[in-house]
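Listed here are the chains, written in short residue letters.
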Amino acid sequence: MKTAPASVRGSARAGARGAILLFFVTFLAFPFYWMLITTFKTTRDLYNTANNPYLFHDPPTLDHLQVLFSSTQYMQWLANTAFVGVIVVAITLVLAVPAGYALARMRGSSAQNLGIAIFLTYLVPPTILFIPFSRIISNLGLQDSLWSLVLVYPSFTVPFCTWLLMGFFKAIPRDLEDAAMVDGLSRLGAFLKVVIPISTAGILTAVIFAFTLVIQEFVYGVTFITSSASYTVSVGVPTFLVRGDVYFWGSMMAACLIVSLPVAIVYNLFVDRFVVGFTVGAVK
Amino acid sequence: MRSPLLAAPPPKPVPRFFLRRLADSEHWLSRLLLTPAIVYIALLVGFPFLLSIYYSVSDATVASQQIHFVGLENFNRIMASQTFWTSLKNTVLITAISQFFVIVLANVLAVALIADFRGKWLVRFLILLPWVAPISLSSIGWLWIFDSIYSIINWTARAIGIFGPNYWPIWLGEPTLAMTSIIIVQVWRMLPLATIVILAGLSSIPQDIHDAAAVDGAGFWLHLFTITLPLVAPIAIVALLFGIVFTVTDLIVVFVLTRGGPYDTTQVLTSWAYFTGIQGGDLAGGAAISLFMLPVLVAVSILFLRYARRAEVA
């Protein structure tokens, strides 16, 4: 290595990097590639073990998509997810925007501790809370109702978004509010009329994360909801489409892709802010 | 008839003055703005959490509204069951093995990703897919990949000669292979988050430090092991803490892939709590099982707090 010229070493390193990245991209993205292929293959082609599974032996088909949208409740599940998502996002914003602002502006170590305490509640997992919740939800008469999810989902979106928004509001200089207060606004007025309008990027990030957390949630959905018409999409596909002896692999893979890809694309735009939140702002 | 409220005299200026003072006082305003969120969290996280502890020492079932205190009876009962110990062992095994691989692989991948190159955004998008896609749906993709007849892994391995003509593993049908499959999916799922967090840590190392090392003549490996990795370690630990929490508390992967089978050999604490408490209706037993995750959560919280303090000082 010592005698090798820098350019040889450089291209060797680029080659090594290429090989490493190829390995990881194959491992991490392969299941989605496989979903894509399966979605458009005919059933006859899928179930013929003599065929090379990477190739199309019959022309690509839209049959699986048609089955998914016409013979299953997939559309209903998508609508349910959107319904729950929109209301949960609204509740989350109403609670987390003021709380995040207050935590950002409070002085002293108690504010910091309170902020961390709120974030830590995000670590209390649904897999501990779902058992008491199953009783609470049935006592409230919300069993098998989407409203049970609307009630419970903010328990994880609020801590996370409060923490995220706190970081955003901290980055807004206090001087802005002080100037607005000199102009006659109250502190609350300054928050509503000055701080919130220039925080749309932060609030949008909170909206995206709250919504994706709702789409991803599974444990409460599978616990509270018992009739297939009330499933959200992340519960309906694995519990309903898998049941029985017949697996509609083509339709199932389509169902997974249709939800995963848009979520992934949107999420990707915001992932750096997510990392800042996760690392307590240690990396900027 | 007018209500007494409307008949009352118009509000005095005092409340308005009071509101104005409230809207101006930083002290009271911040408490007012915080309270709704804290009340919601207390009611929907704190209360059920305490209830879960109470259930674990009670005889709560789905069928009965009567609840009595029974002491540690549930714990004695679940600890007498072989499946519980299997679940505990599996939870530890899956978490330890998967997180070991996640941290090692995430460091390799992050170092490979730190330089700029063409198409980086696409590589990053593809690498992040497992983390951002709903795991209950992508686990179904893996169910298809591990299928007993049509497994693409088996087909590919046979085609390129890794598996002989008589070897066709049933991934989810045999205990060791099923555990391996679950670990693979957990690594797959948690690797993107760890990578992106470590990558952020790598990018935050000041260029001066790298330059100084280059001037001193440090080669790639020496540089990596004496400078880059030690500096990124604190952030890698955060990634590890989250990885541990998300893996220990995960129900979805086991639920979708194996439902704890074959013969309960791949049950984990969460799935066994679900099958006991929700499907079996034994709320008390299920709560007691799920509380065995608590020590991990407490330990991680303490470590996270210490880390957050240090980040604050720095």
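Residues numbered from 1 in each chain as written. Chains lettered and ligands numbered in written order. Predicted model: local features only at pLDDT ≥ 70, side-chain atom pairs only at ≥ 80, totals over all residues.

**Thoughts on the overall build of chain A**
When its secondary structure is counted, chain A shows 14 helices and 0 strands. Secondary structure of chain A in N-to-C order comes out as α-α-α-α-α-α-α-α-α-α-α-α-α-α. Relative to the 2.2 N^0.38 estimate, which gives 19 Å for 284 residues, the radius of gyration of chain A is 24 Å and therefore markedly larger than a compact globule would have. (Helix = DSSP H or I, 4+ residues; strand = E, 2+ residues; numbered from the N terminus. Rg over C-alpha atoms; globule rule 2.2 N^0.38 Å.)

**Quick notes on the overall build of chain B**
Looking only at helices and strands, chain B has 15 helices and 0 strands in total. Whereas a compact globule of 314 residues would reach a radius of gyration of roughly 20 Å, chain B reaches 27 Å, over 25% beyond that. Counting only C-alpha atoms and orienting by the principal axes, one finds that chain B spans roughly 90 × 65 × 40 Å. Per-residue burial over chain B gives 42% buried out of 314 residues. Counted over contacts in chain B with a minimum sequence separation of 6, partners at least 24 positions apart contribute 72%. (Buried ≥ 20, exposed ≤ 12 C-beta atoms within 10 Å, placed from the backbone. Contact = placed C-beta atoms within 7 Å.)

**Notes on helix 5 (residues 109–121) of chain A**
What sets the pattern is the α-helix's 3.6 residues per turn: residues three or four places apart point alike. With 13 residues, helix 5 of chain A should cover 18 Å at 1.5 Å per step; its first-to-last C-alpha distance of 19 Å lies within 8% of that length. Taken together, the buried positions of helix 5 of chain A are occupied by Gly115(A), Ile118(A), Phe119(A) and Thr121(A). Down the axis of helix 5 of chain A, the buried side of the element spans an arc of 160 degrees, and every buried residue falls inside it. Exposed and oriented more than 90 degrees from the buried face of helix 5 of chain A are Ser109(A) and Ser110(A). Contact partners of the buried residues in helix 5 of chain A: helix 4 (74–105) and helix 8 (154–170) of chain A together with helix 3 (26–56) of chain B. (Expected span 1.5 Å × (residues − 1). Arc of directions from axis to C-beta.)

**Focus: the packing of helix 4 of chain A against helix 3 of chain B**
In the contact formed by helix 4 of chain A and helix 3 of chain B, the axes pass within 8 Å of each other and the chain directions differ by 135 degrees. Between helix 4 of chain A and helix 3 of chain B, the angle is such that the two are oblique. Helix 3 of chain B is crossed by helix 4 of chain A, and the crossing has left-handed handedness. Along the contact surface, helix 4 of chain A presents Leu95(A), Ala96(A), Pro98(A), Ala99(A), Tyr101(A), Ala102(A), Leu103(A) and Arg105(A), while helix 3 of chain B presents Glu26(B), Ser30(B), Leu33(B), Leu34(B), Pro36(B), Ala37(B) and Tyr40(B). (Axes fitted to C-alpha atoms, helices over the stretch in contact; angles between N-to-C directions. Parallel < 35°, antiparallel > 145°, perpendicular 65-115°, else oblique. Left-handed = near helix turned anticlockwise from the far one by under 90°.)

**Comments concerning the confidence of the model for chain A**
For chain A, the average pLDDT comes to 86, and 93% of its residues sit at 70 or higher. At the level of individual helices and strands, chain A shows its lowest average pLDDT in helix 5 of chain A, which scores 82, and its highest in helix 7 (residues 146–152) of chain A, which scores 96. (pLDDT = per-residue confidence, 0-100.)

**Brief notes about the interface of chain A and chain B**
Contacts between the two partners involve 79 residues from chain A and, on the opposite side, 79 residues from chain B. For the side of chain A that touches chain B, a count of residues per class yields 58 nonpolar, 16 polar and 5 charged. (Nonpolar A, V, L, I, M, F, W, Y, C, P; charged D, E, K, R; others polar.)

**Brief notes about unusual backbone geometry**
All names here are of chain B. Following Gly 261, the chain continues to Pro 262 via a peptide bond in cis, the omega torsion being -10 degrees. Its place among the elements puts Pro 262 in the loop between helix 12 (252–257) and helix 13 (269–279). For Arg 259, which is not glycine, the phi dihedral falls at a positive 50 degrees. Of note, Arg 259 is situated in the loop between helix 12 and helix 13. Exposure remark for Arg 259: the 16 C-beta atoms within 10 Å place this residue in the partly exposed category. Of note in the backbone geometry, Tyr 263 takes a positive phi value of approximately 50 degrees without being a glycine.

**Topic: the nonpolar core**
In terms of nonpolar packing, the biggest core is built from 160 residues, with Cys256(A), Val197(B) and Ile198(B) touching the most fellow members. Counting residues per element, this core draws most heavily on helix 9 (residues 175–203) of chain B, at 17 residues. (Core = buried A, V, L, I, M, F, W, Y, C linked by C-beta atoms within 7 Å.)

**A few points about the confidence of the model for chain B**
Residues and elements named next belong to chain B. In the predicted model, chain B carries a mean pLDDT of 86, and 90% of its residues have values of at least 70. Confidence, read as mean pLDDT per element, is least for helix 1 (residues 4–7) in chain B (44) and greatest for helix 5 (residues 82–113) (95). Low pLDDT, under 50, characterises residues 1–13; the stretch is placed with 1 contact to residues that sit more than four places away or in other chains. With a pTM of 0.89, the predicted complex shows an ipTM of 0.89.

**Thoughts on the environment of Ile118(A)**
For Ile118(A), the position within the fold is in helix 5. Classification of Ile118(A) as buried rests on a count of 24 C-beta atoms within 10 Å.

**Structural notes on helix 6 (residues 120–132) of chain B**
Residue and element names in this part refer to chain B. Compared with the 18 Å implied by 1.5 Å per residue over 13 residues, the 18 Å span of helix 6 between its first and last C-alpha is a close match. The largest bend in helix 6 comes to about 25 degrees, at Leu 126, with the proline Pro 130 one to four residues further on. When we look at burial in helix 6, the residues that qualify are Val 123, Leu 126, Ile 127, Leu 128, Leu 129, Pro 130, Trp 131 and Val 132. (Bend = angle between axes of the 7 residues up to and from the residue.)

**Regarding the environment of Gly18(A)**
Residues and elements named next belong to chain A. Inspection of the secondary structure puts Gly 18 in helix 1 (residues 6–39). You can call Gly 18 exposed: it has 12 C-beta atoms within 10 Å. Considering only alpha carbons, one finds Gly 18 and Thr 61, 43 residues apart in sequence, at a separation of 35 Å.

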